[in-house]
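One-letter residues, chain by chain:
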Amino acid sequence: RWSRVKGRLRTSVGEDVYTSWFARMDLESVHDESVHLSVPTRFLKSWIQAHYAERVLSCWQAEMPQVHRIDLSVRTAMRHAAPAKEASVPQIDTRRIERTDSRPAVELRSVATAPVSASHDALGGSPLDPRLTFASFVVGRSNTLAHAAARQVAEGRRGDPVMFNPLYIHAGVGLGKTHLLQAVTWAGNSGIERKVLYLTAEKFMYGFVAALKTQTALAFKEALRGIDVLVIDDLQFLQGKSTQAEFCHTLNALIDAGRQVVIAADRPPSDLESLDDRVRSRLAGGLVVEMGSLGEELRLGILKSRVAAARAHHASFDVPEQVLEYLARTITHNGRDLEGAVNRLLAHSKLNNQPVTLEMAEREVRDLIRPQEPKRIKIEDIQRVVARQYNVSRSDLLSSRRTANVVRPRQVAMYLAKTLTLRSLPEIGRRFGGRDHTTVLHAVRKIEALVAKDVSLSEEVESLKRQLQSE
Ligand code: ADP
Ligand code: MG
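Bear in mind the structure is a predicted one, so any value in this text is a computation, not a measurement.

Rules used throughout
Residues numbered from 1 in each chain as written. Chains lettered and ligands numbered in written order. Predicted model: local features only at pLDDT ≥ 70, side-chain atom pairs only at ≥ 80, totals over all residues. Helix = DSSP H or I, 4+ residues; strand = E, 2+ residues; numbered from the N terminus. Contact = placed C-beta atoms within 7 Å. Near = placed C-beta within 6 Å. Domains from an automatic or database assignment. Pairing = 2+ DSSP bridges. Axes fitted to C-alpha atoms, helices over the stretch in contact; angles between N-to-C directions. Expected span 1.5 Å × (residues − 1). Buried ≥ 20, exposed ≤ 12 C-beta atoms within 10 Å, placed from the backbone. Arc of directions from axis to C-beta. Core = buried A, V, L, I, M, F, W, Y, C linked by C-beta atoms within 7 Å. UniProt positions renumbered as here; feature names shortened; annotations may be inferred. Left-handed = near helix turned anticlockwise from the far one by under 90°. Nonpolar A, V, L, I, M, F, W, Y, C, P; charged D, E, K, R; others polar. pLDDT = per-residue confidence, 0-100. Parallel < 35°, antiparallel > 145°, perpendicular 65-115°, else oblique.

Time to look at the overall build of the protein. A tally of helices and strands in the protein yields 22 helices and eight strands. For the protein, the proportion of contacts with a sequence separation of at least 24, taken over those separated by at least 6, is 74%.

Okay, structure coming up:
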């Protein structure tokens, strides 16, 4: 009968699913209405209960209509070695079985004994970059909290109460998510005490799918369960219903067992649209931290840390402070561009055997420079800068005086107000001592015409614009 039930189950769920979830399910006993089944791990038990309880029951009912209940328990390792036969099933003390263990019966021992290789073994961990450690991570305003939480997680010991679970870090591209996650992995793996596994969401996906194909899904799942800290990078790439279900289950199982989960993604949980609702709420239930864009100070720190790292191998490489400041000020917020800039300067100065200069830097990193954000220029700023340039007072500009040394600067200022701000002509007139909008229009036309033919005025105007933009 048991084998017929198994046959039905196999047909009903398909060979792959059957092999990965039910192959090691054993029959313990049958008592009129209830059937007692067992599986080797708690993980399997909860998964089957959550997803296949109905299916299992209906397969039994097809063979034995009187069955109304399925009890599922976790076998001890010993019982697993000697599977129960249908005929002579001793009564099982369920409480004892329930207590058995939170660790799976099967564990990948190699993970425990070779901490660093944990990232490259049968589990299919993603490769780690040896440079991405806490030592090289620069802390600034935008990442203080994420860094502190990551450190806390990394320094935990096996069995410590887990404070933030999962720890979910989100930030845009190049803002240090992978750096921080790998730092956690390195730090956690540096002792033999804990098993930390770093996986990109893609790797998780492929690992699971590949395991299903080769029918080692069970080993994959149980290996995941043997981990103390699971680190998943780029969660936004997790796709596919069955992988999400698998991920969700792994997440729940790990968290329930008091293991730490650390996740990074490019958006907050609420924006992970393709993700199952339950996963999303579980993610949001831990600590969610955003890392903001890299401020100038942080960019400078990262540049310095990169240069210091490069100098370890290239002692003659040096970047003057002035160049570092220039790069920090002008390069985009993306950390990858900072890294790229240092690499280029290094390559250039090595290949040409030249010291790094500001001119070289300007040339080499031109394409990495952040487009100037349009600055909101105020009419007061225009009046102040123009007055300074022409050596008149601001009240002169606003007055009704008509002497030539005041009229021209006033017209230039009104022209700039029209071209650099969104203010209307009447508004500009009001701000220039209550003038009429036709006066403003006249000034704008006049300067436009002059700029077209008077090179020195055109240069003056350009210089004023630059001053206003860079203030
Ligand atoms: P993300 O995974 O968020 O896209 P990465 O972690 O890959 O970003 O960071 C991109 C680059 O910027 C890497 O070279 C990384 O080392 C560097 N970086 C980003 N933030 C920091 C930081 N706070 N300290 C040091 N390096 C950083
Ligand atoms: Mg990344």
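Resuming the write-up.
Here we come to the site of ligand 1. Close to ligand 1 lie 18 residues, the nearest being Gly-176, Lys-177, Thr-178, His-179 and Gly-335. Looking at the shell around ligand 1, the elements that each hand over two or more residues are α8 (177-189), α13 (296-311) and α15 (335-351). Two domains each provide a minimum of three residues to the shell around ligand 1, namely domain 2 (118-290) and domain 3 (296-368).

A few words on the sheet that holds strand β5 (residues 196-200). If you trace the five strands from one edge of the open sheet to the other, you get β5-β6-β7-β4-β8, paired in parallel fashion. Both outer strands of the open sheet, β5 and β8 (287-290), are each paired with one neighbouring strand and no more. Each adjacent strand pair in this sheet contributes to an overall mean axis angle of 15 degrees, direction not counted. Bridge count between strand β4 (residues 167-170) and β8: four bridges; the pairing is parallel. Opposite Leu-167, over in β8, you have Leu-287 as the bridge partner.

Now for helix α7 (residues 144-155). Here α7 contains twelve residues, and its C-alpha end-to-end distance of 16 Å stays within 8% of the 16 Å for a straight helix at 1.5 Å per residue. Every buried residue belonging to α7 is among Ala-146, His-147, Ala-149, Ala-150, Val-153 and Ala-154, and all of these are buried. Take α7 and look down its axis: the buried residues cluster within an arc of 165 degrees, on one side only. In α7, the exposed positions angled more than 90 degrees off the buried face are occupied by Thr-144, Ala-148 and Glu-155.

Taking strand neighbours across the sheet as the criterion, the three strands line up as β1-β2-β3 in an open arrangement whose pairing is mixed. Strands at the two margins of the open sheet, each flanked by one partner only, are β1 (26-31) and β3 (69-74). On average, each strand axis in the sheet is inclined to that of its neighbour by 20 degrees, with strand direction left out of account. Across six bridges, the pairing between strand β2 (residues 34-39) and β3 is parallel. The residue bridging Ser-34 from the neighbouring strand is Arg-69, located in β3.

Take the nonpolar core next. Residues Val-184 and Val-231 are the most contacted members of the largest nonpolar core, which totals 72 residues. No other element matches the six residues that α8 contributes to this core. If you count residues domain by domain, this core takes at least three from each of domain 2 (118-290) and domain 3 (296-368). Those residues in contact with Val-231 that lie beyond four places of it in its chain are Leu-181, Val-184, Thr-185, Val-196, Leu-197, Tyr-198, Leu-199 and Val-262.

Time to look at the UniProt feature "binding site: ATP" (unreviewed entry) in the protein. Mapped onto this structure's residue numbering, the UniProt feature "binding site: ATP" (unreviewed entry) falls at Gly-174, Gly-176, Lys-177 and Thr-178. With 19 C-beta atoms counted inside 10 Å, the residue Gly-174 sits in the partly exposed group. Relative to the helices and strands, Gly-176 resides in the loop between β4 and α8. Look past the residues within four positions of Gly-176 in its chain and what remains in contact with it is Phe-137, Asn-143, Ala-171, Met-291 and Gly-335.

Now for the environment of Glu-246. Within the fold, Glu-246 resides in helix α11 (residues 241-256). Here the alpha-carbon distance between Glu-246 and Phe-208, two residues 38 residues apart in the chain, equals 8.2 Å.

Moving on, we get to the packing of helix α17 (residues 379-390) against helix α19 (residues 404-420). Contact pair α17 / α19: the axes reach a minimum separation of 9 Å and the direction vectors enclose 145 degrees. Crossing of α17 against α19: the hand is right-handed. Residues Ile-379, Ile-382, Gln-383, Val-386 and Tyr-390 of α17 form the contact with α19, whose own contacting residues are Pro-409, Val-412, Ala-413, Leu-416, Ala-417 and Leu-420. Its residues assigned to classes, the contact of α17 with α19 comprises ten nonpolar, one polar and no charged.

The pLDDT averaged across the protein works out to 81; a share of 85% of its residues lies at or above 70. Mean pLDDT per element in the protein: helix α6 (residues 109-113) is the minimum at 25, and β4 is the maximum at 95. Low pLDDT, under 50, characterises residues 78-122; the predicted model gives this stretch 67 contacts beyond four residues in sequence or across chains. Across the interface, the model reports ipTM at 0.99; the global pTM reads 0.57.

Between α19 and helix α21 (residues 437-453), the least distance of the axes is 8 Å, while the angle of their chain directions is 95 degrees. The orientation of α19 relative to α21 falls into the category roughly perpendicular. Residues Gln-411, Val-412, Met-414, Tyr-415 and Lys-418 of α19 form the contact with α21, whose participating residues are Val-440, Ala-443, Val-444, Lys-446 and Ile-447. For the contact of α19 with α21, the residue count by class is seven nonpolar, one polar and two charged.

Of note, Phe-134 is situated in the loop between α6 and α7. Taking the C-beta count within 10 Å as the criterion, Phe-134 has 18 such neighbours and is therefore assigned partly exposed. Once the C-alpha coordinates of Phe-134 and Leu-180 are considered, the two residues, 46 residues apart in sequence, prove to be 7.2 Å apart. Apart from the residues lying within four places of it in its own chain, the contact partners of Phe-134 are Arg-151, Ala-183 and Ala-187.

What follows covers α19. With 17 residues, α19 should cover 24 Å at 1.5 Å per step; its first-to-last C-alpha distance of 24 Å lies within 8% of that length. Taken together, the buried positions of α19 are Pro-409, Arg-410, Gln-411, Val-412, Ala-413, Met-414, Tyr-415, Leu-416, Ala-417 and Leu-420. The inward-facing, buried residues of α19 contact α17, α18 (394-398), α20 (425-431), α21 and α22 (455-470).

Looking now at the environment of Thr-200. You can see Thr-200 is positioned in strand β5. Separated by 38 residues in the primary sequence, Thr-200 and Leu-238 have C-alpha atoms spaced 9.0 Å apart.

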